[in-house]
Amino acid sequence: MAAADDLPTYKDVADAAAVLAGVAHHTPTETSRTLDDQLGVSCFVKCENMQRMGAFKFRGAYTAVNHYLNDADGKELKGVLTYSSGNHAQAIALASTKTLGIPSTIIMPTDAPTLKLKATQEYGGNVVFYDRYTEKRDEVAQKVKATLPEGTVFIPPYNHKYVIAGQGTVGKELIEDLQSKSIALDYLFVCVGGGGLISGISLAVKELSPKTQIIGVEPEAGNDAQQSLEQGQIVHIETPKTIADGAQTQHLGDLTFDIMQRNVSKIITVTDEQLVDEMKFFGERMKMIVEPTGCLGLAGLRKLVSSGEIEKGAKCGVIISGGNVDLERYCKLISSTI
Ligand SMILES: *Cc1c(COP(=O)(O)O)cnc(C)c1O
């Protein structure tokens, strides 16, 4: 069980929204007639690929760094340490170093996507590499932390009260924007890696639109969250081999798992081929570059429509979580049969 003090609530999400006002973008919610016609439902697509640094992760990172800057115990924040395969790395470097002037050290896998690595370094992040298939990143993080000055805080990518609260503002914005047009979602499809995004969003949705069912979507190769919810305990897996590099997590966190158990209706999986199909759909039809992980939500919705589990005319929200993919890799993915 997660300690109650560490668990964020809706109030933390609302506080994060105030912290992020004017700092993070209020991203658009797009619709597509073509998509609605294909699926026979009404789709509302929340575009976090349009967020600063190209993914929702900026919200959580900035909210957490800001928390330590203004921490009540008055200790000076000397630096931020984290590990990430990409988007959280960029988010910490942008929030901490570029925006707030606090040094950041980021542990990244040697095979991190080039675009994400370059952007992290450009935002001023100090990158340390590790081999994600042979080394344990927690152990690497402990070793690196010992070399950094006192007053350095570790901000993990998902299992953290203020990271979750920050990510939750995606859900708050989406629900409030739709409510201002008198639209109530029946379902909301959210990608799942370590569960920071879906658990944060679920806090907002359960408060503002409690009837909306939240459905998590994972890559088929790494369905640890699905197994975890089914078994009632956090299941650990090997680093999954999937093109969805933002969802290559090995396990949920105690905080994200606790919230997901309460708020998420179910978790489904999709294949890499289905992700590529949605990359093509977003590119051709909605004129958006979406990274593979960002396609999980729409791929999940399409799967449940095909299997008849979503009723015709349902109002369905879909989160696009990010758009960071180097163009070379993008071209290869959309032109190949993987
Ligand atoms: C991090 C990330 C995810 C997964 O988010 P979690 O909070 O780990 O579940 C999904 N998509 C993108 C683009 C990401 O960067």
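Going along each chain's sequence as written, the residues are numbered from 1 onward. Two thresholds apply to this predicted model, a pLDDT of at least 70 for residue-level local features and 80 or more for giving and counting side-chain atom pairs, whereas whole-chain, interface and lining totals are computed over all residues. Note that water and hydrogens are dropped before the side-chain values are worked out from all heavy atoms of the structure.

Draft legend 1. Structural detail: unusual backbone geometry. For Met-53, which is not a glycine, the phi torsion comes out positive at approximately 55°. The numbering of helices and of strands both runs from the N terminus, where a helix is a DSSP run of H or I of at least 4 residues and a strand a run of E of at least 2. For Met-53, the location among the structural elements is in the loop between strand 2 (42-47) and helix 3 (57-69). Burial classes follow relative accessibility: with a 1.4 Å probe on protein chains only, a residue under 20% of its type's maximum area counts as buried, one over 50% as exposed, and anything between as partly exposed. Residue classification places Met-53 among the buried positions, given a relative accessible area of 8%.

Draft legend 2. Seen up close, the site of the ligand. Near, as used in this document, describes a residue that has one of its heavy atoms within 4 Å of the molecule or strand being considered. Taken together, 15 residues form the shell around the ligand, and within it Lys-57, Asn-87, Gly-193, Gly-195 and Ser-321 come nearest. The term polar contact refers here to a pair of N or O atoms within 3.5 Å; inside protein, the definition further demands a hydrogen-donor-capable atom paired with an acceptor-capable atom, and it admits residues adjacent in sequence only when both atoms are side-chain atoms. The backbone of Gly-193 places a nitrogen or oxygen atom 2.8 Å from an oxygen atom of the ligand. At 2.8 Å, a backbone N or O of Gly-195 approaches an oxygen atom of the ligand. Note on areas: Shrake-Rupley with a 1.4 Å probe; residue coverage comes only from the protein chains shown. Protein chains shield 97% of the accessible area of the ligand, which is 380 Å² for the free molecule. Looking at the shell around the ligand residue by residue, the classes come out as 4 nonpolar, 9 polar and 2 charged. Nonpolar residues are Ala, Val, Leu, Ile, Met, Phe, Trp, Tyr, Cys and Pro. Charged residues are Asp, Glu, Lys and Arg, and all others, Gly as well, are polar.

Draft legend 3. The arrangement of the packing of helix 9 (residues 224-231) against helix 10 (residues 254-263) in detail. Working convention: axes come from line fits to C-alpha atoms, limited for helices to the stretch in contact. Angles between N-to-C directions cover 0 to 180 degrees. Taken N-terminus to C-terminus, the directions of helix 9 and helix 10 make an angle of 65°; their axes are 10 Å apart at the nearest point. In terms of crossing hand, the pair formed by helix 9 and helix 10 is right-handed. For the pair helix 9 and helix 10, the contacting residues are Ala-225, Ser-228 and Leu-229 in the first and Phe-257, Met-260 and Gln-261 in the second. Within the contact of helix 9 with helix 10, the residues separate by chemical class into 4 nonpolar, 2 polar and no charged. The sense of a crossing depends on the near helix, which, turned anticlockwise from the far helix by less than a right angle, makes the crossing left-handed and, turned clockwise, makes it right-handed. We call two residues contacting when some pair of their heavy atoms lies within 4.5 Å.

Draft legend 4. Broad picture of the pairing of strand 10 (residues 315-320). Of all the 6 residues making up strand 10, 5 are buried; the element is thus mostly covered by neighbouring parts of the structure. Across 6 bridges, the pairing between strand 2 and strand 10 is parallel. When the bridges of strand 10 are listed, Ser-42 appears paired with Lys-315. Whether two strands pair depends on DSSP finding at least two bridges between them.

Draft legend 5. Layout of the environment of Phe-56. The residue Phe-56 is located in the loop between strand 2 and helix 3 in this model. When the C-alpha positions of Phe-56 and Pro-157 are compared, they lie 12 Å apart, and in sequence the two are 101 residues distant. For Phe-56, the residues in contact, after removing those within four places along its chain, are Glu-48, Gln-51, Gln-167, Val-170, Leu-197 and Ser-321.

Draft legend 6. Up close: the sheet that holds strand 6 (residues 152-154). Here 4 strands make up an open sheet; going across it, the order is 5-4-3-6 and the pairing parallel. Edge positions in the sheet fall to strand 5 (126-130) and strand 6, since each of these pairs with one other strand and no more. Taking the axes of each pair of neighbouring strands and ignoring which way they run, one obtains an average angle of 20° across the sheet. Relative to strand 6, strand 3 (residues 79-83) runs parallel, the two sharing 3 bridges.

Draft legend 7. Structural view of the packing of aromatic side chains. Planes of paired rings set the category: under 30 degrees apart is stacked, over 60 is edge-to-face and the rest tilted, where pairs are Phe, Tyr or Trp rings (Trp by its six-membered ring) whose centres lie within 6.5 Å. One pass over the structure, following the stated rule, counts 3 aromatic pairs. Ring geometry for Phe-281 and Phe-282: centres 6.1 Å apart, planes at 65°, overall edge-to-face. It is Lys-241 that lies over the ring of Tyr-133; its NZ or CZ is 4.7 Å from the centre. Whether a charge sits over a ring depends on NZ of Lys or CZ of Arg being within 6 Å of the ring centre and within 35 degrees of the ring normal. The ring of Phe-281 has Arg-302 sitting right over it, with the charged end atom 5.3 Å from the ring centre.

Draft legend 8. Representation of helix 4 (residues 87-99) within the structure. Within helix 4, 10 of the 13 residues are buried, leaving the element largely enclosed by the surrounding structure. Looking only at helix 4, the buried set comprises Asn-87, His-88, Ala-89, Gln-90, Ala-91, Ile-92, Ala-93, Leu-94, Ala-95 and Ser-96. Contact partners of the buried residues in helix 4: helix 3, strand 3, strand 4 (104-109) and helix 5 (114-122). Backbone geometry just downstream of helix 4 places Gly-101 in the positive-phi region, at approximately 75°.

So yeah, pure geometry; function would need other evidence.
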